[in-house]
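# Per-entry structural report
The lines below spell out each chain.
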Amino acid sequence: MNSLLDVTTTELTCQACVIGSGPAGALVALPLAEGGMDVILVEAGNRDPTPLSSAPLAQLDVDGAVDLSYAQALQLGGSSNLWAGRVARMDEADFVERPDIGSPAWPFPLSELSPYYERALDILGMPSSEHYNELPRMPCSWKTFAASDRVDIKYLMWSRPAFKVAELVTKSDGNLANLRVLTDAPVFDVTPNGDRRAIESVTVGRRQNHKTIKAQVFVLAAGGLETTRLLLGYARRHWRDEEGAIGRYFSTHPKADLAVLRAKQPVSAEHPLFREATSNGVQVRAGIGLSTATQISIGTLNHCARLYPIAEYKAEKVFESIKSAAFRGAPIVNRSARLRRLLIASGKMAFDRLGQAARLQAKAHAFVVRLNLDQHSNAENRLTLSEDCDREGRQLLNLRWRYDLADRRSAMTFLDMLDRFLRAHDVGHLDYSYLRDSDSWPLTAVHSHFLGTTRMSNDPRQGVVDQNCRVHRLHNLFVAGPSVFPRYGNANPFLTIAALSLRLSDHLSRVLGRE
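This structure is a prediction, so every number in the text was calculated from the model and none was measured. (Residues numbered from 1 in each chain as written. Predicted model: local features only at pLDDT ≥ 70, side-chain atom pairs only at ≥ 80, totals over all residues. Heavy atoms only, no water.)

This part takes up the overall build of the chain. Regarding its fold elements, the chain presents twelve helices and 21 strands. Out of the 515 residues in the chain, the part that is buried amounts to 60%. Here the contacts in the chain between residues at least 6 apart in sequence split such that 77% fall between residues at least 24 apart. (Helix = DSSP H or I, 4+ residues; strand = E, 2+ residues; numbered from the N terminus. Buried < 20%, exposed > 50% of the residue type's maximum accessible area, 1.4 Å probe, protein only. Contact = heavy atoms within 4.5 Å.)

Let's shift gears to the pairing of strand 15 (residues 304-309). When you tally the buried positions in strand 15, you get six out of six residues, the bulk of the element. Side-chain alternation along strand 15 places Cys 304, Arg 306 and Tyr 308 on one buried face and Ala 305, Leu 307 and Pro 309 on a second face that is also buried. For strand 15 and strand 16 (residues 363-372), the ladder comprises six bridges, and the chain directions are antiparallel. Across the sheet, the residue bridging to Ala 305 is Leu 371, located in strand 16. (Pairing = 2+ DSSP bridges.)

If you look at the biggest cluster of nonpolar residues, it comprises 148 residues, and the most contacted ones within it are Cys 17, Trp 142, Phe 145, Ile 213, Val 219 and Leu 261. Top contributing element to this core by residue count: helix 12 (residues 494-514), with eleven residues. Not counting residues up to four positions away in its chain, the partners in contact with Phe 145 are Val 151, Ile 288, Leu 418, Phe 421, Leu 422, His 425 and Val 427. (Core = buried A, V, L, I, M, F, W, Y, C linked by side-chain atoms within 4.5 Å.)

With that out of the way, let us pick up the pattern of salt bridges. Counted according to the given criterion, the structure contains 26 salt bridges. Between Lys 214 and Glu 11 there is a salt bridge; the shortest N-O distance is 3.9 Å. Of this pair, Lys 214 sits in strand 11 (residues 211-220) while Glu 11 sits in strand 2 (residues 11-19), and the two are 203 residues apart along the sequence. Residue class for Lys 214 comes out partly exposed when judged on its relative accessible area of 30%. (Salt bridge = Lys/Arg side-chain N within 4 Å of Asp/Glu carboxyl O.)

Let's shift gears to unusual backbone geometry. Cis geometry is found at the peptide bond from Arg 160 to Pro 161, where omega equals -5 degrees. With a phi close to 70 degrees, Cys 469 is a non-glycine residue in the positive phi region. Within the secondary structure, Cys 469 is located in the loop between strand 20 (444-446) and strand 21 (477-479).

Each pair of packed helices gets described by two things: the angle between the helix axes and the distance between those axes. Their axes nearest at 8 Å, the elements helix 1 (residues 23-34) and helix 12 cross at an angle of 35 degrees. Where helix 1 crosses over helix 12, the two elements pack in a sense that is right-handed. Residues Pro 23, Ala 24, Leu 27, Val 28, Pro 31 and Leu 32 of helix 1 pack against Phe 494, Ile 497, Ala 498, Ser 501, Leu 502, Leu 504, Ser 505, Leu 508 and Ser 509 of helix 12. The residue inventory of the contact of helix 1 with helix 12, partitioned by class, reads twelve nonpolar, three polar and no charged. (Axes fitted to C-alpha atoms, helices over the stretch in contact; angles between N-to-C directions. Left-handed = near helix turned anticlockwise from the far one by under 90°. Nonpolar A, V, L, I, M, F, W, Y, C, P; charged D, E, K, R; others polar.)

On to the sheet that holds strand 17 (residues 382-389). Spatial ordering of the open sheet is given by 4-18-17, a layout of three strands whose pairing is mixed. In this open sheet, the two edge strands, each paired with only one partner strand, are strand 4 (57-62) and strand 17. Between one strand and the next, the sheet's axes are offset by a mean angle of 20 degrees, whatever the strand orientation. Summarising the sheet, strand 4 and strand 18 (residues 395-401) pair through five bridges and their orientation is parallel. Following the sheet pairing, Leu 60 is matched in strand 18 by Leu 399. In this fold helix 5 (residues 224-238) packs onto strand 4, strand 17 and strand 18, with an angle of close to 75 degrees to the strand it touches most, strand 17.

Looking at the element boundaries, Ser 377 is found in the loop between strand 16 and strand 17. Ignoring any residue separated from it by four or fewer positions in sequence, one finds Ser 377 in contact with Ser 103, Pro 104, Tyr 249, Arg 455, Pro 486 and Tyr 488.

Moving on to helix 4 (residues 165-175). By the burial criterion, the buried members of helix 4 are Val 165, Ala 166, Val 169, Ser 172 and Asp 173. For helix 4, the angular spread of buried residues about the axis comes to 130 degrees, placing them on one side. For helix 4, the exposed residues lying more than 90 degrees away from the buried face are Glu 167, Lys 171, Gly 174 and Asn 175. At its buried positions, helix 4 is contacted by helix 1, strand 3 (39-42), strand 8 (179-183) and helix 12. (Arc of directions from axis to C-beta.)

Before going further, it helps to examine the pairing of strand 11. Counting buried residues in strand 11 gives seven out of ten residues, a clear majority hidden from the surface. In this structure, strand 2 lies alongside strand 11, joined through eight bridges in parallel fashion. Within strand 11, the position partnered with Cys 14 by the bridge is Ala 215. Bridging between strand 10 (residues 199-204) and strand 11 involves four bridges; their strand directions are antiparallel. In the strand pairing of strand 11, Val 204 is matched with Lys 211. Adjacent in sequence and paired antiparallel, strand 10 and strand 11 are bridged by six residues, among which Gly 205 carries a positive phi angle near 115 degrees. In this structure, strand 11 lies alongside strand 21, joined through three bridges in parallel fashion. By the bridge assignment, Phe 218 is partnered in strand 21 with Leu 477.

It is worth spelling out empty space enclosed by the protein at this point. Rolled over the atoms, a probe sized like a water molecule indicates the empty space that remains. This structure, assessed with the given rule, holds one cavity of 30 Å³ or more. What the largest cavity holds in volume is close to 30 Å³. In this structure, the largest cavity is lined by Ala 93, Asp 94, Arg 98, Ile 101, Gln 295, Leu 301, Asn 302, Asp 374 and Arg 487. When its residues are assigned to classes, the lining of the largest cavity shows three nonpolar, two polar and four charged. (1 Å grid on protein atoms, 1.4 Å probe; cavity = no way out; pocket = protein on both sides within 12 Å on 5 of 7 lines; lining within 4 Å. Points joined across faces, edges and corners; volume = space filled by probe spheres on them.)

Below, the discussion takes up the confidence of the model for the chain. Residues at a pLDDT of 70 or more form 87% of the chain, whose mean pLDDT is 87. Confidence, read as mean pLDDT per element, is least for helix 8 (residues 331-335) in the chain (41) and greatest for strand 21 (98). pLDDT under 50 marks residues 342-352. Its contacts with residues more than four places away, or in other chains, come to 28 contacts. (pLDDT = per-residue confidence, 0-100.)

Next up on the list: the packing of aromatic side chains. With the rule as written, the count across this model stands at twelve aromatic pairs. Both rings, one in Phe 95 and one in Phe 108, keep their centres 6.3 Å apart while their planes meet at 50 degrees; by these two values the pair is tilted. Of this pair, Phe 95 sits in the loop between strand 6 (86-87) and helix 2 (114-124) while Phe 108 sits in the loop between strand 6 and helix 2, and the two are 13 residues apart along the sequence. Given a relative accessible area of 7%, Phe 95 falls into the buried group. An aromatic cluster is built from Phe 95, Trp 106, Phe 108 and Phe 485, whose rings are joined through pairwise contacts. (Phe/Tyr/Trp six-rings, centres within 6.5 Å; stacked < 30°, edge-to-face > 60°.)

Structure representation (structure tokens):
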């Protein structure tokens, strides 16, 4: 591993150049190198935590609260350094054709990702998420509700302590002579070849210290913001501003505490519907969604409700306050890598204690209902280039995002149906009537999942990359990361990012094997 500051040559060559060392980039680069390919993995930061002002955003026009505390990490291992460890697959509902909601389907079935999910879980050192054994018993009054074919109990696991991609990269860098990891190397420019049908090189480094990397294939895996910024800049310079879908269809898994569930009888809070539990040696939590058939029949999106007994909910609020305090951007914190590392660890430590807090409350009668919200694809929710620039002279981004009337109607339909099923099974009911007359929902709108801005579609008019994550119009430029998601769902994207990157790595291995 070398800092670009210590590299003396001005031009480097390789078979595959991967931009970004987070989960998306690392899980493309490392399998390629293990397969014998000559790989350069480029990281804008180094081992130190990111300065808190690193998100490349100039103007925000957003419907709801913005929390960029855990938005971006210019650091070896990328956003995995900020990841709390939540592991979940996407649902079948996210992949089926849904012309009724106006959102495109993925250009391949969910089953195609299944082996890559398993490989990703193996890398994380976790069991298959298909099997949950030895779970505490669900309260009797809830069993028939959970067994209904109208609802979907969604289980997720926790990687604890959260898996460190930086450690995986460091280990591979020491063992693989054909893997070169360059730190302190932000991408400054992307240059096409003569006919502009392929990328010839990327320019990396800071002012006065630029280097050129030439490769057969390039992968942009620098996160949803930075990857989109690079592609928008490329379109402006080389496609005469023909951006197409680049930067459009932005979403970020908005979330909010929108209702209270009042159980008909006090409920034992042992099952993972109500708190964390252990299965297969890992911690498990569950949420409530609607089945795919139900979603289609009532025309709603794929939302998920999680229930928090009061003790756990209060602990979550403590975590939120710690996280906010850690990232208020005090100059002394920005200057000190040690303080940044300590504050990140403090916030994640608080998060690790949330599920245990519910043990303080053996039974609960009322639960806060937190919704992880899906969203319609909206071309006007977008990132665009600002005329303002960062210290390196690169244009910043402007963000415009709305949770519009169609999105709110979908969330209300979800709550209506969930309330109806809870009442029908004599479990309890939801309190949420205030939402119908409210113009302002308490959304955490923009936080850490930047989805959709280079979305996948085999139709160049509808997307930025094809089903193999190749950028339309450029035969050797690929994108890895959540920005390629054509649909958003509600699951934490980490596991799907990892699965897509392993799939892309297999594809690039075949491509490079033919060249």
